[in-house]
Amino acid sequence: MSLSGNRLQPINDRVYFSKWYLKGIRSSPTRSGTFVHKFVNLNLRLYLKFLEWMPAALKMPEPELIDHAGLDSAVFLRIYLIGLKIFIPITILAFSVLVPVNWTNGTLNDSNNLQYSDIDKLSISNVPEQSQRFWVHLVMAYVFTFWTCYVLRKEYGTIASMRLHFLATVKRRPDQFTVIVRNVPPDPDESVSELVEHFFLVNHRDHYLTHQVVYNANTLAKLVKEKKQMENWLDYYQLKFDRNPSKRPTRKTGFLGLCGDEVDAIDFYTSKVDKLSEEEAAEREKIIKNPKFIMPAAFVSFRTRWGAAVCAQTQQTRNPTLWLTEWAPEPRDSLANIEGIEKAVPFLKPLIEVPVIKSFIQALQRRSASRYYLFLLVNVFLGSIIAGTAFEQLKTFIHQSANDIPKTIGVSIPMKATFFVTYIMVDGWAGIAGEILMLKPLIIYHLKNFFLVKTEKDREEAMDPGSIEFATSEPQIQLYFLLGLVYATITPFLLPFILVFFGLAYVVFRHQIINVYNQEYESAAAFWPDVHGRIISALVISQLLLLGLLSTKQAADSTPFLIALPILTIWFHRFCKNRYEPAFVKYPIQEAMMKDTLERAREPNLDLKTYLSNAYAHPVFKDGEDEDSVATDDEKEVENVLVPTKRASRRNTPVPSKFGCSSPPSLPDDVQELL
C-alpha cells in the first residue's frame, strides 16, 4: 500500500510526474479542492486501481516515445526488450531439454564431500564425468549462441536505421553545424581566436561561418552563481512585499540572517546584486582581454551540415596530433553529468568546470560505463564464484590433492547459481521496486520544498529528477545478460529470475522515462556499439567458462567442438562492427547534403549565423550584458579570397586560400526530386 499511498497523494504529484510539470503540461492538484483534498486523495476507487500505471506505461507507441523523450531513452528501453527476446526462447529450450538431462542423474547424491542443495540437482554438476549427455549441453550452447547473435544483428540494424532516420528528421540543432577543434598550436603573433579564424578561412573558405573560443571562466562562474542566489532572495522578498504592501520585509545582516543589525531586505539584496554585477563585469572584461584564460580549443560552426561533416571526419593537417576535429556535442550535453561527477569526486571540480572538458563528458561517461562493467565482472561475478567456491568447499580443498582442486571448482561453479538467484532478487527485483517507489527523491523534494523553496523556479529545481545515469545503469543491466548467458547451459533454474527482472525493469523504466526523468542531452543512440560489444563479451565469457567446466568433467569427446564457438562469435562481432558501427561514428555526406538542400528550399532567409552565434558560448557569458561584445570578437565573417595574417614572417602579406575546401558537387537527382 505504500506504493499506492505515495503515488496517489496530491502532495507527491510533482515527484511522480515531474516531467509533465517541467514541460508545463500538468498542473498541481493541490491548487484546487478542499484543504484535505490538497494533501490526501480520498477517492477509494483509485486505491483499488493503483496498478493501472503498468498498462498505461505500455500504451505510448515507440515513435511517440521518441518525440516525447528522445531516441536515447527509447533505445535504452530496448536493452531490456533485447533481454526478453534473447532469454524467453532460451528459457523454454533450457527447461525443456537441459533440466531433464541434468535432473535424471545422481552424481550429487553419490558425492559425500560436496555441499549442495536440491536446486543444484538441476545443474550440469549433477551429470557424471565422461557422460555422453554433455553433447546435449554442447548443442544447446551452439543454439543459444546462434539465437543471441541473430537477435543482436537484427537489433543492431534496426537501431542503426532508427539513428539515421532520427538524424534526418530531427529539428535543426547547433551541433549539426559545429565541430570542436582541439590542440590548436600556440602562435607568438596571433591569439587563439585569430589563429582559428585564419586556419578555417584558408582551409574551409567556402563553408566556415563563425567560431567560439573556449574560456576558463571558473571565477566568473562563481560570481554568476552567487549573483543568481542573491537575485532569487530579492525575488522572494519582493513577492512577499507585493502580497503585503503595508509592511516591508526585513532581515538581519549577520550569519545566515540570524544575528546582526536588522535592515530592509529588499534594499539589502538590491545592493548585493549591484555589487556582484560590478564584480562580474570586471571579471568578464579581464577574461576577454587576458590570453591566459583562453584554452587551445574552439567550437567552429559552418554554413552547412555538409561543411561540418567534412571537417569533423577528416584530418586537418600533416601533423595528426594538431588541429584535431570531431563533432561538437549538443550544447546541453556539455553540462549533462557535471553535477553528478562533481558530487562523487569533488577534487575534480576545478578541472570539470573547464568548458572544453565539459564537452567531452559524454565520452567520459561511456568510458566510465566500460570500467564499471569491468568492475562488476571482476568483483561481483568472478569474485563471488572464486571466493565463494573456495570457502564453501574449504574442507574438501584442505583434504584433497592439488590435482583434484580444478575438478572441485568445475563442479562447484554451477552451485553458485543459488547465490546469484539471491543477488538478482535483492539487487534486481528490489532495485526495480525502489525505482518506482522513489523514496529518496520523494524525501529530498519535500525537504527542499519545506526549507529551501522560495519561488516557483526553486520548486522546479527541487523536483527535477535529472536523467538516467547511463554510466551506472547500463553496466548493471549487462551483468544480468552475463549471468543469463553463463548459466543458461550450466544451471537453467536461474533464467526465470532473469526474465522477471527484464520484464519488470522494462515496464518500470518506461513509466519513469515517460513521467519522471528529464533527458539532459541527446546522443542519437551513439552508445549502442558499446552495448552490443558488452553483450558479445558476455557471450564469449559464457562459452569459455563452459569450455573450462566440461574439461574438468573429462568430456573429451565433446569439449573440443566448443573451441570454434568463441571464434565464430568474435567473427560475428567483427562483421557487425564493420557493417553497422559506421552509422554511429560517422555522418553520411549524402544525408548532410539532402538536409541542407531541403532547409535552404524551405527557409531561404534563415540567419544561421545569429542562430549559432552563442550556442557554444560559456554559460556565464550568456547571462551577461557583454555577451554581444564577446561574440563580435570571436565571430568575424570574412568574405575575401585572400586572408591576411599577423605572423611576423608574413605580416601584412595576404595568403591565398589555395588550400580551401572545394565546393560540393552539383546536386544529385534524388535531392532535386525531394525539392
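Placed above this text is the structure.
Calculation criteria
- Residues numbered from 1 in each chain as written.
- Predicted model: local features only at pLDDT ≥ 70, side-chain atom pairs only at ≥ 80, totals over all residues.
- Heavy atoms only, no water.
- Patch = residues over 30% accessible without salt bridge, like charges linked within 9 Å, V, L, I, M, F, W, Y side chains within 5 Å.
- Areas by Shrake-Rupley, 256 points an atom, 1.4 Å probe, with all protein chains shown as cover.
- Salt bridge = Lys/Arg side-chain N within 4 Å of Asp/Glu carboxyl O.
- Helix = DSSP H or I, 4+ residues; strand = E, 2+ residues; numbered from the N terminus.
- Pairing = 2+ DSSP bridges.
- Axes fitted to C-alpha atoms, helices over the stretch in contact; angles between N-to-C directions.
- Contact = heavy atoms within 4.5 Å.
- Parallel < 35°, antiparallel > 145°, perpendicular 65-115°, else oblique.
- Left-handed = near helix turned anticlockwise from the far one by under 90°.
- Nonpolar A, V, L, I, M, F, W, Y, C, P; charged D, E, K, R; others polar.
- Buried < 20%, exposed > 50% of the residue type's maximum accessible area, 1.4 Å probe, protein only.

A.B. asks: Please explain a nonpolar patch on the surface as it appears in this structure.
C.D. replies: There is a patch of nonpolar side chains on the surface, built from Leu 439, Ile 443, Leu 447, Phe 450 and Phe 451 and spanning about 580 Å² of accessible area. Residue position: Leu 447 is located in helix 20 (residues 439-451).

A.B. asks: Please clarify how the sheet that holds strand 1 (residues 178-182) should be interpreted in this entry.
C.D. replies: Pairing is antiparallel in the open sheet, where 4 strands are placed in the order 2-5-1-6. Looking along the sheet, the strands with just one partner apiece sit at the ends: strand 2 (208-215) and strand 6 (324-327). Sheet twist, expressed as the average angle between the axes of neighbouring strands with direction ignored, equals 25 degrees. Sheet analysis places strand 2 next to strand 5 (residues 294-302), joined by 6 bridges and oriented antiparallel. Bridge pairing in strand 5 links Val 213 to Ala 298. Along the sheet, helix 9 (residues 192-203) contacts strand 1, strand 2 and strand 5; its crossing angle with strand 2, the most-contacted strand, is approximately 155 degrees. Lying on the sheet, helix 12 (residues 305-312) is in contact with strand 1, strand 5 and strand 6; it crosses strand 6 at an angle near 130 degrees.

A.B. asks: Looking at this model, I keep getting lost on the packing of helix 7 (residues 71-103) against helix 23 (residues 495-515). Mind explaining?
C.D. replies: For any two helices packed against each other, the geometry is given by the interaxial angle and the distance between the axes. Contact geometry of helix 7 with helix 23 gives a least axis separation of 9 Å together with a crossing angle of 160 degrees. It follows that helix 7 is roughly antiparallel to helix 23 by the angle criterion. Of the two possible hands of crossing, helix 7 and helix 23 adopt the one that is left-handed. Considering only residue class, the contact of helix 7 with helix 23 consists of 20 nonpolar, 4 polar and 1 charged.

A.B. asks: What should I look at first to understand the pattern of salt bridges in this one?
C.D. replies: Working definition: two side chains of opposite charge can pair if their charged atoms are close together. Across all of its chains, the model carries 18 salt bridges by this definition. Between Arg 205 and Asp 206 there is a salt bridge, with the nearest N and O atoms lying 3.3 Å from each other. Overall, Arg 205 belongs to the partly exposed group, its relative accessible area being 31%. On the basis of relative accessibility, which here comes to 25%, the residue Asp 206 falls in the partly exposed class. Between Glu 285 and Lys 289 there is a salt bridge whose closest N-O contact spans 2.9 Å. A residue pair is termed a helical-turn pair when its members lie 3 or 4 positions apart in one helix, as Glu 285 and Lys 289 do in helix 11 (residues 265-289) at 4 residues. Since its relative accessible area comes to 62%, Lys 289 is described here as exposed. A single salt-bridge network, built from bridges that share partners, covers Arg 172, Arg 305, Asp 596, Glu 599 and Glu 603.

A.B. asks: I keep staring at the pairing of strand 1 and nothing clicks. Help me out?
C.D. replies: On any regular strand, side chains alternate: one points to one face of the sheet, the next to the other face. Judged by how many residues are buried, strand 1 sits mostly within the fold: 4 of 5 residues are covered. Strand direction decides the pairing type here: strand 1 and strand 5, joined by 4 bridges, are antiparallel. Paired with Val 179 across the strands is Val 300, a residue of strand 5. Sheet topology places strand 1 next to strand 6; 4 bridges connect them, and they run antiparallel. If you follow Val 179 over to strand 6, its bridge partner there is Trp 327.

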